[in-house]
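Coordinate inspection notes
In case you want the letters, here they are:
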Amino acid sequence: LYIEKCEALYFSGKLDAAFINAGTLLTKDPGSAEVHYIMGCINSDRGDDREAVKWLKSAAETDKESHKYAYAVAERGRYSKCSYILFQSDNAQQR
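Since the structure is predicted, the reported quantities are computational estimates derived from the model, not experimental observations.

Parameters at a glance
Residues numbered from 1 in each chain as written. Predicted model: local features only at pLDDT ≥ 70, side-chain atom pairs only at ≥ 80, totals over all residues. Heavy atoms only, no water. Salt bridge = Lys/Arg side-chain N within 4 Å of Asp/Glu carboxyl O. Helix = DSSP H or I, 4+ residues; strand = E, 2+ residues; numbered from the N terminus. Buried < 20%, exposed > 50% of the residue type's maximum accessible area, 1.4 Å probe, protein only. Core = buried A, V, L, I, M, F, W, Y, C linked by side-chain atoms within 4.5 Å. Axes fitted to C-alpha atoms, helices over the stretch in contact; angles between N-to-C directions. Parallel < 35°, antiparallel > 145°, perpendicular 65-115°, else oblique. Left-handed = near helix turned anticlockwise from the far one by under 90°. Contact = heavy atoms within 4.5 Å. Nonpolar A, V, L, I, M, F, W, Y, C, P; charged D, E, K, R; others polar.

**Brief notes about the pattern of salt bridges**
Scanning all chains against the criterion turns up 2 salt bridges. A salt bridge links Asp16 to Arg46; the nearest nitrogen and oxygen atoms lie 2.8 Å apart. Note that Asp16 is positioned in helix H2 (residues 15-28) and Arg46 in the loop between helix H3 (33-45) and helix H4 (49-62), a separation of 30 residues in sequence. Classification of Arg46 as partly exposed rests on a relative accessible area of 38%. Linking Glu51 and Lys54 is a salt bridge whose minimum nitrogen-to-oxygen distance equals 2.9 Å.

Listed below in structure tokens is the structure:
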């Protein structure tokens, strides 16, 4: 029920309310790939690509079976910038 409310807020353009709702959902289920995905979408729409990638990457790592999360960055229309951020974060972790 709560995830549907969060999605409805997001799709109606109420990003602040969706963000608050998603934060509440994270306290109840911090491992929810769907909530991580919504957080990524919200941050992407707010223009915060770095934070969006963090959440979208977390969703993909949480649910490795779903390609929905793995391709989310490209679907958001910021592939080149977000993939560069992903590349930088992966290289930093390997050092």
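**Details of the nonpolar core**
Grouped together as the largest cluster of nonpolar side chains are 17 residues, with contacts concentrated most on Cys6, Tyr10, Ala18, Val35, Tyr37, Met39 and Ile42. Of all the secondary structure elements, the ones that give two or more residues to this core are helix H1 (2-11), H2, H3 and H4. The element that contributes the greatest number of residues to this core is H3, accounting for 6 residues.

**Focus: the packing of H3 against H4**
The geometry of H3 relative to H4 is characterised by a closest axis approach of 7 Å and an angle of 160 degrees between their N-to-C directions. Overall, the two elements H3 and H4 adopt an arrangement that is roughly antiparallel. Note that H3 runs across H4; the crossing there is left-handed. The segment H3 lies against H4, with Ala33, His36, Tyr37, Met39, Gly40, Cys41, Asn43 and Ser44 engaging Glu51, Ala52, Trp55, Leu56, Ser58, Ala59 and Thr62.

**Thoughts on the packing of H2 against H3**
Contact geometry of H2 with H3 gives a least axis separation of 10 Å together with a crossing angle of 155 degrees. Classed by the angle they form, the pair H2 and H3 counts as roughly antiparallel. Two packed elements cross with a definite hand, and for H2 against H3 that hand is left-handed. Contact residues: Leu15, Ala18, Phe19, Ala22, Leu25 and Leu26 in H2; Val35, His36, Met39, Ile42, Asn43 and Asp45 in H3. Partitioned by chemical class, the residues of the contact of H2 with H3 number 9 nonpolar, 2 polar and 1 charged.

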